[in-house]
Amino acid sequence: MAQSAEQNPLVSGDHIRQAVACCVDVLKSVPTALWHERADSLEWTRWETVEHIADDLLTYALRFGLARPIAVPRVPLRVSGDRPGGPANVIFADQEAGPLGLLTVVQACGGLLAAAVDIADATALAPHVFGASDPEGFAAMGVVEALVHTHDVVQRPDRPWEPPQDLCERVLARLFPDVPVIGSAWSTLLWATGRIETPDRPRRKDWRWHGAPLAERRQAQGQT
């Protein structure tokens, strides 16, 4: 078993499993006829958006399949798209399997990421476009991708969906240290990722998360 720098990481494989299970549960309620219509404000369909969740979970997991993740800029898989303007993925769900088949793919990819981050050396770093991060950071990224894109798919003014607040609090603390929680942790996460505006904060047009390991962040702030 890998030696952990922190006995109780802020975000772990268990939280990925919890997020994926929560998302799959609500996504099962999406009517079949709506899966190939556009998801909220995205240019992707609901199907493409959920396929993107699975793709992120898988590619995050693959980074920690390497002996030295930081030494490889990217796992060189072939990236393609089903249509111009659609997401560029390394995997695609079988359309003939229908929405339940797509959700099975999401569950499988989430399970792979959960296992990968739990057995990886807690101090290992892997590259990301926003900067190198550790297994805990990639676990938090996976949770954010699952929760926020599920919101894109299911959000309706007459039936708002909210995931567990604890998950939102954990990923905000891990990836958005610059964002104070105003209102609920979920509404704050949606604001932090450019989904909504609030009376106190206009909608974010440019946003990013901060994946640097917590120990590195504390060191930079002069904390012990």
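In what follows, the structure referred to is the one given above.
Residues numbered from 1 in each chain as written. Predicted model: local features only at pLDDT ≥ 70, side-chain atom pairs only at ≥ 80, totals over all residues. Heavy atoms only, no water.

Draft legend 1. Representation of the overall build of the protein within the structure. Helix and strand counts for the protein stand at seven helices and zero strands. Seen in sequence order, the protein has helices and strands lined up from the N terminus as α-α-α-α-α-α-α. Rg of the C-alpha trace for the protein: 17 Å, near the compact-globule value of 17 Å for 224 residues, within the 12% margin. Reported as C-alpha extents along the three principal axes, the dimensions of the protein are approximately 55 × 45 × 30 Å. Taken across its 224 residues, the protein has 47% of its residues classed as buried. Long-range contacts, defined as pairs at least 24 residues apart, comprise 66% of the intrachain contacts of the protein with a sequence gap of at least 6. Just so you have it, the protein exposes about 11,500 Å², and 54% of that area is on carbon and sulfur atoms. Averaging the coordinates of the 21 positive side-chain charges in the protein and doing the same for the 28 negative ones gives two points 3 Å apart. (Helix = DSSP H or I, 4+ residues; strand = E, 2+ residues; numbered from the N terminus. Rg over C-alpha atoms; globule rule 2.2 N^0.38 Å. Buried < 20%, exposed > 50% of the residue type's maximum accessible area, 1.4 Å probe, protein only. Contact = heavy atoms within 4.5 Å. Areas by Shrake-Rupley, 256 points an atom, 1.4 Å probe, with all protein chains shown as cover. Lys, Arg positive; Asp, Glu negative; His and termini not counted. Charge placed at Lys NZ, Arg CZ, Asp CG, Glu CD.)

Draft legend 2. Quick look at unusual backbone geometry. Phi is positive for Asp-40, which is not a glycine, with a value near 45°. Looking at where Asp-40 falls in the secondary structure, it is placed in the loop between helix H1 (13–27) and helix H2 (46–63). Judged by its relative accessible area of 38%, Asp-40 falls in the partly exposed class.

Draft legend 3. Fine view of the environment of Glu-43. As for its position among the elements, Glu-43 is in the loop between H1 and H2. On the accessibility criterion, Glu-43 (56% relative accessible area) is exposed. Sequence separation of Glu-43 and Ala-19 is 24 residues, and the distance between their C-alpha atoms is 24 Å. Leave out the neighbours within four places in its chain, and Glu-43 touches Arg-38 and Arg-83.

Draft legend 4. Structural view of the side chain of Glu-48. By secondary structure assignment, the location of Glu-48 is in helix H2. A relative accessible area of 10% means that Glu-48 is categorised as buried. Engagement of the side chain of Glu-48 in a polar contact is seen with the backbone nitrogen of Thr-45, the distance being 2.9 Å. Beyond its immediate chain neighbours, meaning those up to four positions away, Glu-48 contacts Arg-83, Gly-86 and Pro-87. (Polar contact = N/O pair within 3.5 Å; in protein donor to acceptor, adjacent residues only side chain to side chain.)

Draft legend 5. Broad picture of the nonpolar core. In terms of nonpolar packing, the biggest core is built from 61 residues, with Leu-27, Leu-147, Phe-176 and Leu-189 touching the most fellow members. When contributions to this core are tallied by element, the ones reaching two or more residues are H1, H2, helix H3 (98–119), helix H4 (135–154), helix H5 (165–175) and helix H6 (185–192). With 11 residues, H4 is the single largest residue contributor to this core. Discounting chain neighbours no more than four positions away, the residues touching Phe-176 are Val-144, Val-171, Leu-189, Ala-192, Thr-193, Arg-204, Trp-207, Arg-208 and Trp-209. (Core = buried A, V, L, I, M, F, W, Y, C linked by side-chain atoms within 4.5 Å.)

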